[in-house]
Amino acid sequence: MIAVIDSGSGGANVILECLKYYNYDFIYLVDNKNCPYGDKPIEDVKKIIISNINFLLKKFDIDFIILGCNTASSIIGYEELERIKCPILKTKPDLPSLVKQNGKKLLFATKNTIDNSNYVKYFLLNYNDIKTLYIKSLPKYIDNYLSNVNKENYEKLEKILKKGLFFHKKTKKYLKNTTNIALGCTHFKHIEKEITNCFDKKINYFYCEKNVAKISNFLIKKKKQDFSIKVILTKKDDSLKKSIMDLFL
(Lines give C-alpha, C1' and ligand atoms only; values in the text may rest on other atoms or scores of the structure.)
Protein backbone atom coordinates (compact mmCIF):
# COMPACT_ATOMS: atom_id res chain seq x y z
CA MET A 1 0.00 0.00 0.00
CA ILE A 2 1.15 3.53 -0.83
CA ALA A 3 0.38 6.30 1.66
CA VAL A 4 -0.16 9.86 0.44
CA ILE A 5 -0.24 12.70 2.96
CA ASP A 6 -1.53 16.20 2.32
CA SER A 7 -3.29 18.95 4.22
CA GLY A 8 -6.31 18.69 1.90
CA SER A 9 -7.45 17.83 -1.61
CA GLY A 10 -4.09 18.44 -3.31
CA GLY A 11 -2.87 14.90 -2.66
CA ALA A 12 -5.64 13.63 -4.93
CA ASN A 13 -3.75 15.12 -7.87
CA VAL A 14 -0.67 13.10 -6.88
CA ILE A 15 -2.69 9.87 -6.80
CA LEU A 16 -4.35 10.67 -10.14
CA GLU A 17 -0.91 11.18 -11.68
CA CYS A 18 0.35 7.89 -10.20
CA LEU A 19 -2.64 6.08 -11.72
CA LYS A 20 -1.43 7.11 -15.17
CA TYR A 21 1.57 4.81 -14.62
CA TYR A 22 0.20 1.95 -12.52
CA ASN A 23 -2.68 0.57 -10.44
CA TYR A 24 -2.12 0.06 -6.74
CA ASP A 25 -3.74 0.39 -3.31
CA PHE A 26 -3.57 3.89 -1.80
CA ILE A 27 -4.26 5.23 1.66
CA TYR A 28 -4.81 8.98 1.46
CA LEU A 29 -4.53 10.97 4.68
CA VAL A 30 -6.26 14.34 4.35
CA ASP A 31 -5.12 16.48 7.26
CA ASN A 32 -7.94 19.00 6.97
CA LYS A 33 -7.76 19.62 10.73
CA ASN A 34 -4.42 21.40 10.24
CA CYS A 35 -4.96 22.84 6.75
CA PRO A 36 -3.25 24.92 5.48
CA TYR A 37 0.38 23.99 6.22
CA GLY A 38 1.84 26.79 4.13
CA ASP A 39 1.36 29.60 6.66
CA LYS A 40 2.15 27.69 9.86
CA PRO A 41 5.46 27.85 11.81
CA ILE A 42 7.96 25.31 10.47
CA GLU A 43 8.40 23.39 13.72
CA ASP A 44 4.63 23.02 14.08
CA VAL A 45 4.32 21.56 10.58
CA LYS A 46 7.20 19.16 11.24
CA LYS A 47 5.50 17.80 14.35
CA ILE A 48 2.20 17.44 12.50
CA ILE A 49 3.77 15.56 9.57
CA ILE A 50 5.80 13.22 11.78
CA SER A 51 2.71 12.49 13.84
CA ASN A 52 0.71 11.69 10.69
CA ILE A 53 3.47 9.45 9.35
CA ASN A 54 3.70 7.51 12.62
CA PHE A 55 -0.07 7.08 12.69
CA LEU A 56 -0.09 5.56 9.19
CA LEU A 57 2.86 3.27 9.85
CA LYS A 58 1.24 1.90 13.01
CA LYS A 59 -2.17 1.34 11.43
CA PHE A 60 -1.34 0.13 7.89
CA ASP A 61 1.17 -2.00 6.01
CA ILE A 62 2.87 0.78 4.04
CA ASP A 63 5.33 0.16 1.18
CA PHE A 64 6.32 3.82 0.97
CA ILE A 65 4.97 7.30 1.66
CA ILE A 66 4.48 10.22 -0.71
CA LEU A 67 4.36 13.66 0.84
CA GLY A 68 1.71 15.05 -1.49
CA CYS A 69 2.35 18.51 -0.13
CA ASN A 70 5.14 20.82 -1.26
CA THR A 71 5.18 22.61 2.09
CA ALA A 72 5.76 19.37 4.00
CA SER A 73 8.33 18.27 1.41
CA SER A 74 10.17 21.57 1.79
CA ILE A 75 10.64 21.45 5.55
CA ILE A 76 11.05 17.74 6.34
CA GLY A 77 14.81 17.22 6.19
CA TYR A 78 17.27 14.33 6.29
CA GLU A 79 17.37 14.35 10.10
CA GLU A 80 13.65 13.61 10.28
CA LEU A 81 13.74 11.13 7.39
CA GLU A 82 16.53 9.08 8.99
CA ARG A 83 14.31 8.39 12.00
CA ILE A 84 11.46 7.05 9.88
CA LYS A 85 11.79 3.40 8.88
CA CYS A 86 9.97 3.77 5.59
CA PRO A 87 10.91 5.26 2.19
CA ILE A 88 9.48 8.74 1.69
CA LEU A 89 9.10 10.60 -1.60
CA LYS A 90 8.71 14.36 -1.81
CA THR A 91 6.85 16.60 -4.23
CA LYS A 92 8.75 19.53 -5.75
CA PRO A 93 7.80 22.34 -8.14
CA ASP A 94 8.91 21.57 -11.71
CA LEU A 95 11.41 24.43 -11.85
CA PRO A 96 13.86 22.67 -14.22
CA SER A 97 11.16 22.79 -16.92
CA LEU A 98 10.12 26.34 -16.03
CA VAL A 99 13.60 27.84 -16.47
CA LYS A 100 13.83 26.48 -20.03
CA GLN A 101 10.89 28.57 -21.20
CA ASN A 102 10.86 31.91 -22.94
CA GLY A 103 8.71 34.67 -21.52
CA LYS A 104 7.77 35.71 -17.99
CA LYS A 105 8.09 33.01 -15.33
CA LEU A 106 6.21 32.65 -12.05
CA LEU A 107 6.42 30.19 -9.17
CA PHE A 108 3.01 30.09 -7.51
CA ALA A 109 3.37 28.29 -4.17
CA THR A 110 2.87 28.58 -0.41
CA LYS A 111 4.94 30.87 1.77
CA ASN A 112 6.76 27.98 3.45
CA THR A 113 7.65 26.38 0.12
CA ILE A 114 9.07 29.64 -1.22
CA ASP A 115 10.91 30.61 1.96
CA ASN A 116 12.13 27.27 3.32
CA SER A 117 12.86 24.92 0.43
CA ASN A 118 16.58 24.73 -0.38
CA TYR A 119 15.60 23.31 -3.77
CA VAL A 120 13.49 26.42 -4.51
CA LYS A 121 16.15 28.75 -3.10
CA TYR A 122 18.72 27.29 -5.52
CA PHE A 123 16.60 28.18 -8.54
CA LEU A 124 15.66 31.62 -7.25
CA LEU A 125 19.33 32.44 -6.64
CA ASN A 126 20.49 31.20 -10.03
CA TYR A 127 17.56 32.33 -12.19
CA ASN A 128 16.59 35.85 -11.21
CA ASP A 129 13.85 36.04 -13.85
CA ILE A 130 11.60 33.74 -11.77
CA LYS A 131 9.08 35.75 -9.75
CA THR A 132 7.28 34.20 -6.79
CA LEU A 133 3.75 34.53 -5.48
CA TYR A 134 1.79 33.12 -2.58
CA ILE A 135 -1.75 33.82 -1.43
CA LYS A 136 -2.36 33.23 2.26
CA SER A 137 -4.62 30.27 3.11
CA LEU A 138 -5.40 29.58 -0.56
CA PRO A 139 -5.37 25.74 -0.16
CA LYS A 140 -8.10 26.09 2.47
CA TYR A 141 -10.18 28.25 0.12
CA ILE A 142 -9.72 25.67 -2.64
CA ASP A 143 -10.96 22.82 -0.43
CA ASN A 144 -13.99 24.89 0.52
CA TYR A 145 -14.64 25.70 -3.13
CA LEU A 146 -14.46 22.03 -4.15
CA SER A 147 -16.80 21.05 -1.34
CA ASN A 148 -19.38 23.71 -2.22
CA VAL A 149 -19.17 24.36 -5.94
CA ASN A 150 -21.60 27.15 -6.72
CA LYS A 151 -21.58 30.62 -8.26
CA GLU A 152 -21.11 32.40 -4.92
CA ASN A 153 -18.04 30.35 -3.96
CA TYR A 154 -16.63 30.65 -7.48
CA GLU A 155 -16.91 34.45 -7.35
CA LYS A 156 -15.27 34.49 -3.90
CA LEU A 157 -12.37 32.34 -5.12
CA GLU A 158 -12.00 34.48 -8.25
CA LYS A 159 -11.88 37.64 -6.11
CA ILE A 160 -9.19 36.14 -3.84
CA LEU A 161 -7.12 35.07 -6.84
CA LYS A 162 -7.33 38.40 -8.65
CA LYS A 163 -6.48 40.33 -5.49
CA GLY A 164 -3.49 38.09 -4.81
CA LEU A 165 -2.27 38.12 -8.38
CA PHE A 166 -2.56 41.82 -9.15
CA PHE A 167 -2.73 43.78 -5.90
CA HIS A 168 0.98 44.56 -5.48
CA LYS A 169 2.07 47.56 -7.52
CA LYS A 170 5.64 46.33 -8.00
CA THR A 171 4.63 43.02 -9.56
CA LYS A 172 1.31 43.92 -11.19
CA LYS A 173 2.69 44.55 -14.69
CA TYR A 174 5.01 41.54 -14.55
CA LEU A 175 2.31 39.17 -13.41
CA LYS A 176 -0.15 40.34 -16.06
CA ASN A 177 2.46 39.49 -18.69
CA THR A 178 3.19 36.05 -17.23
CA THR A 179 3.10 33.17 -19.71
CA ASN A 180 4.73 30.36 -17.68
CA ILE A 181 3.62 29.24 -14.21
CA ALA A 182 5.07 26.47 -12.05
CA LEU A 183 2.38 25.35 -9.62
CA GLY A 184 4.24 24.70 -6.38
CA CYS A 185 1.26 23.38 -4.44
CA THR A 186 -0.68 20.25 -5.36
CA HIS A 187 -3.95 22.03 -4.48
CA PHE A 188 -3.45 24.57 -7.25
CA LYS A 189 -4.02 22.12 -10.11
CA HIS A 190 -7.69 22.04 -9.06
CA ILE A 191 -8.06 25.72 -9.99
CA GLU A 192 -5.94 25.88 -13.14
CA LYS A 193 -8.95 27.13 -15.12
CA GLU A 194 -9.70 29.84 -12.56
CA ILE A 195 -6.05 30.99 -12.56
CA THR A 196 -6.04 31.15 -16.36
CA ASN A 197 -9.24 33.23 -16.31
CA CYS A 198 -7.42 35.84 -14.23
CA PHE A 199 -4.84 36.29 -16.98
CA ASP A 200 -7.31 35.95 -19.86
CA LYS A 201 -4.69 34.29 -22.09
CA LYS A 202 -2.95 30.98 -22.62
CA ILE A 203 -0.65 29.97 -19.77
CA ASN A 204 1.94 27.18 -19.83
CA TYR A 205 1.68 25.24 -16.58
CA PHE A 206 4.34 23.07 -14.95
CA TYR A 207 3.18 20.63 -12.31
CA CYS A 208 4.77 19.10 -9.23
CA GLU A 209 2.93 15.75 -9.35
CA LYS A 210 4.43 14.20 -12.47
CA ASN A 211 8.01 13.66 -11.31
CA VAL A 212 7.09 12.05 -7.98
CA ALA A 213 4.61 9.77 -9.77
CA LYS A 214 7.29 8.63 -12.22
CA ILE A 215 9.75 7.92 -9.40
CA SER A 216 7.14 6.01 -7.40
CA ASN A 217 6.58 3.78 -10.43
CA PHE A 218 10.01 2.25 -9.80
CA LEU A 219 9.30 1.55 -6.12
CA ILE A 220 6.09 -0.43 -6.28
CA LYS A 221 6.44 -4.16 -5.63
CA LYS A 222 4.01 -5.41 -8.26
CA LYS A 223 1.49 -3.58 -10.43
CA LYS A 224 -2.14 -4.56 -9.89
CA GLN A 225 -5.09 -5.07 -12.22
CA ASP A 226 -7.13 -2.47 -10.38
CA PHE A 227 -6.67 0.20 -7.72
CA SER A 228 -8.27 1.09 -4.41
CA ILE A 229 -8.23 4.39 -2.52
CA LYS A 230 -9.06 4.75 1.17
CA VAL A 231 -9.49 8.38 2.23
CA ILE A 232 -9.03 9.36 5.88
CA LEU A 233 -9.77 12.89 7.12
CA THR A 234 -8.34 14.15 10.42
CA LYS A 235 -11.50 16.20 10.96
CA LYS A 236 -14.97 15.01 9.99
CA ASP A 237 -16.15 16.74 6.81
CA ASP A 238 -18.47 14.62 4.68
CA SER A 239 -18.74 17.25 1.96
CA LEU A 240 -14.97 17.50 1.50
CA LYS A 241 -14.57 13.72 1.60
CA LYS A 242 -17.22 13.27 -1.09
CA SER A 243 -15.68 15.96 -3.30
CA ILE A 244 -12.29 14.23 -3.02
CA MET A 245 -13.72 10.78 -3.78
CA ASP A 246 -15.55 12.24 -6.80
CA LEU A 247 -12.18 13.26 -8.26
CA PHE A 248 -11.32 9.58 -8.70
CA LEU A 249 -14.50 8.67 -10.58
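Whatever comes next refers back to the structure up there.
Residues numbered from 1 in each chain as written. Predicted model: local features only at pLDDT ≥ 70, side-chain atom pairs only at ≥ 80, totals over all residues. Heavy atoms only, no water.

Asker: Before we move on, can you summarise the pairing of strand 3 (residues 64–67) with the specific residues and values?
Answerer: Both faces of strand 3 are covered, namely the face carrying Phe64 and Ile66 and the face carrying Ile65 and Leu67. In this structure, strand 1 (residues 2–6) lies alongside strand 3, joined through four bridges in parallel fashion. Paired with Ile5 across the two strands is Leu67, which belongs to strand 3. In this sheet, strand 4 (residues 88–90) lies alongside strand 3 in parallel orientation, the contact comprising three bridges. Bridge pairing in strand 4 links Ile66 to Leu89. (Buried < 20%, exposed > 50% of the residue type's maximum accessible area, 1.4 Å probe, protein only. Helix = DSSP H or I, 4+ residues; strand = E, 2+ residues; numbered from the N terminus. Pairing = 2+ DSSP bridges.)

Asker: Explain the sheet that holds strand 3 to me, and be specific about the residues and the numbers.
Answerer: The sheet built from five strands is open, its strands ordered 4-3-1-2-9 with parallel pairing. Of all the strands in the sheet, the pair left with one neighbour each is strand 4 and strand 9 (228–233). In this sheet, neighbouring strand axes are inclined to one another by 20° on average, regardless of whether the strands run parallel or antiparallel. Against the sheet, helix 1 (residues 10–18) touches strand 1, strand 2 (25–30), strand 3 and strand 9, its axis set at about 165° to strand 2. (Axes fitted to C-alpha atoms, helices over the stretch in contact; angles between N-to-C directions. Contact = heavy atoms within 4.5 Å.)

Asker: Describe the sheet that holds strand 5 (residues 104–109), naming the residues involved and giving the relevant values.
Answerer: Taken in spatial order, the four strands line up as 6-5-7-8 in an open sheet, and their pairing is parallel. Bordering the open sheet on either side are strand 6 (130–133) and strand 8 (204–206), each of which pairs with just one other strand. Geometrically, the sheet is characterised by an average inter-axis angle of 25° between neighbouring strands, direction not taken into account. Pairing between strand 5 and strand 6: four bridges, direction parallel. Paired with Leu107 across the strands is Thr132, a residue of strand 6.

Asker: Can you break down the packing of helix 1 against helix 12 (residues 209–216) residue by residue, with the values?
Answerer: Taken N-terminus to C-terminus, the directions of helix 1 and helix 12 make an angle of 50°; their axes are 9 Å apart at the nearest point. Considered as vectors, helix 1 and helix 12 are oriented oblique to each other. Between helix 1 and helix 12 the crossing geometry is right-handed. Residues Asn13, Val14, Glu17 and Cys18 of helix 1 lie in contact with helix 12, whose contacting residues are Glu209, Lys210, Val212, Ala213 and Ser216. Residues that form the contact of helix 1 with helix 12 fall into these classes: four nonpolar, two polar and three charged. (Parallel < 35°, antiparallel > 145°, perpendicular 65-115°, else oblique. Left-handed = near helix turned anticlockwise from the far one by under 90°. Nonpolar A, V, L, I, M, F, W, Y, C, P; charged D, E, K, R; others polar.)

Asker: How would you explain the packing of helix 9 (residues 151–166) against helix 11 (residues 192–199) if you had to name every residue and give the values?
Answerer: Look at helix 9 against helix 11: their axes get within 10 Å of each other, and the N-to-C directions meet at 55°. Taken together, the axis directions place helix 9 and helix 11 in an arrangement best described as oblique. The crossing of helix 9 and helix 11 is right-handed. Residue-level inspection shows Tyr154, Leu157, Leu161, Lys162, Leu165 and Phe166 of helix 9 in contact with helix 11, the latter providing Glu194, Ile195, Asn197, Cys198 and Phe199. Among the residues making up the contact of helix 9 with helix 11, the classes are represented as eight nonpolar, one polar and two charged.

Asker: Could you give an account of the nonpolar core, with specific residues and numbers?
Answerer: Grouped together as the largest cluster of nonpolar side chains are 25 residues, with contacts concentrated most on Phe108, Leu138, Leu161, Ile181, Ile191, Ile195 and Phe199. For this core, the secondary-structure elements that each account for two or more residues are strand 5, helix 8 (138–147), helix 9, helix 10 (169–176), strand 7 (178–184) and helix 11. Looking at this core, the element that brings in the most residues is helix 9, giving five residues. For Ile195, the contacting residues outside a window of four places in its chain are Phe108, Leu161, Ile181, Leu183, Phe188 and Tyr205. Val4, Cys18, Val30 and Ile229 belong to the second largest nonpolar core, which has 24 residues in total. (Core = buried A, V, L, I, M, F, W, Y, C linked by side-chain atoms within 4.5 Å.)

Asker: Residue-level account of the packing of aromatic side chains, with values.
Answerer: According to the stated counting rule, one finds eight aromatic pairs in the structure shown. Judged by centre distance (4.6 Å) and plane angle (40°), the ring pair of Phe108 and Phe188 falls under tilted. Of this pair, Phe108 sits in strand 5 while Phe188 is found in the loop between strand 7 and helix 11, placing the two residues 80 residues apart along the sequence. On the basis of relative accessibility, which here comes to 0%, the residue Phe108 falls in the buried class. Seen in terms of ring centroids, Tyr119 and Phe123 are 5.3 Å apart; in terms of plane orientation they differ by 65°. Their pairing is edge-to-face. One end of the pair is Tyr119 and the other is Phe123, both in helix 7 (residues 118–126) and four residues apart, which spans about a single turn. By relative accessible area, Phe123 is classed as buried at 8%. By way of ring pairs, the aromatic residues Tyr119, Tyr122, Phe123 and Tyr127 are connected into one cluster. Over the ring of Tyr207 we find Lys189; its NZ or CZ atom is 4.5 Å from the centre of that ring. Against the face of Tyr24 rests Lys224, its NZ or CZ located 5.4 Å from the ring centre. (Phe/Tyr/Trp six-rings, centres within 6.5 Å; stacked < 30°, edge-to-face > 60°. Lys NZ or Arg CZ within 6 Å of the ring centre and 35° of its normal.)

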